[in-house]
Amino acid sequence: METVTLDDVDRGLLHGLQLDGRAPMRTLGEVLGVSENTVARRYRRLRTAGVLRVTGAVNGGEAGYTSWTLRLRTTPDAGATVADALADRADVSWVHLLSGGTEISCTVHAPGSAGRDDLLLRKLPRASRVTAVSAHELLHTFALPDSWGGLHCLSPGQIARLRPPPPEGAGVPPEPADRPLLDALAHDGRASYTTLAKVTGWADSTVRRRMEVLRRHGTLTYHLDLSPAGLGFHSETRLWLTVSPAHLAEAGAALASHPETSFAVATTGSTNLTAMVNCRDARDFYRYLTDRIAGIRGVQTLESAPVIRTVKRLRRPAARP
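No experiment lies behind these values; they were computed from the predicted model shown.

Q: Looking at this structure, how should I read the pattern of salt bridges?
A: A side chain of one charge can pair with a side chain of the opposite charge if their charged atoms are brought near each other. Here the structure, examined in full by the defined rule, presents 23 salt bridges. A salt bridge links R71 to E303, with the nearest nitrogen and oxygen atoms 2.9 Å apart. With a gap of 232 residues between them, R71 in strand β2 (residues 66-74) and E303 in strand β10 (residues 299-312) connect regions that are remote in the sequence. Under the relative-accessibility criterion, R71 is labelled buried at 11%.

So, in structure tokens, the structure goes:
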């Protein structure tokens, strides 16, 4: 993947798409003070370079999902193979090969205890080259990758013009007929209504109305999947922290406020706060540890592991027969 150099328009575009992944190019251009064609051209450039991808997803809470973060250790020869096998699962996302290639972290989205137990109690224990597994339920989210603040640059007024309204009322559960639509949006959240109409067999207007209903009720959300390495952040590191319970909320909020932090959640387990941070290089990461992390109250222990390879980022749906 190539590393791209960003100017103010590129940064504004990335920040704008974080706010609304389906914001019209015309609106983005008006907010950024450039033409619609300029914004579209910049978007195509960044997408072709593998720096960004917009995806649509069903809100896990509305769908009844629970999320877990897994930490696995493998024999030296098996890390990449196990990581690839996890990445093939539709219920697994954010698969990272860590440290010397013998450690893996990933997130599992389970629709119920059956899906979780299938992976944790049956399939992983049977993998002879997996030497250790720890699973931690995600209890409270402080920061998610699609809201990473490292490139935030828009003014409050610009943000207000792009931020979509909050969901209305209770969520509307997706219906079986929505599956082709949701699968297509999972691959390209900015797919045109014409493209989506061909996939679903619906009229353009029907596609538009259904997407509006699902989004208005908080069932359908859009995410901006960014590659930190493609943006020049070559030191991506997973952190596991033990924080005193009295300071956990404060520590999580402090961690989420750092522009380096792209992911921060409170979890169950021997460590109770996990995070992903993005720095320019090892020196930058050292400064981050000794400056920002050192200033957080209540931190008792800290483990860190550099990301060697990101095998999978956002979740994709399983292929249909």
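Q: Sorry if this is basic, but what is going on with the side chain of H109 here?
A: Relative to the elements of secondary structure, H109 occurs in strand β4 (residues 103-110). Residue classification places H109 among the buried residues on the basis of a relative accessible area of 14%.

Q: I would appreciate a short explanation of the pairing of strand β9 (residues 273-279) in the present structure.
A: Successive residues of a regular strand alternate their side chains across the two faces of the sheet. The element β9 is largely enclosed, with a buried count of seven among its seven residues. The alternating pattern of β9 places L273, A275, V277 and C279 on one face and T274, M276 and N278 on the opposite face, and all of these are buried. Looking at chain direction, strand β7 (residues 235-243) and β9 are connected through seven bridges and run antiparallel. Looking across to β9, one finds that S235 is bridged to C279. Strand direction decides the pairing type here: strand β8 (residues 261-267) and β9, joined by five bridges, are antiparallel. Residue pairing for β9: T261 is matched across the bridge by V277.

What counts and how
Residues numbered from 1 in each chain as written. Predicted model: local features only at pLDDT ≥ 70, side-chain atom pairs only at ≥ 80, totals over all residues. Heavy atoms only, no water. Salt bridge = Lys/Arg side-chain N within 4 Å of Asp/Glu carboxyl O. Helix = DSSP H or I, 4+ residues; strand = E, 2+ residues; numbered from the N terminus. Buried < 20%, exposed > 50% of the residue type's maximum accessible area, 1.4 Å probe, protein only. Pairing = 2+ DSSP bridges.

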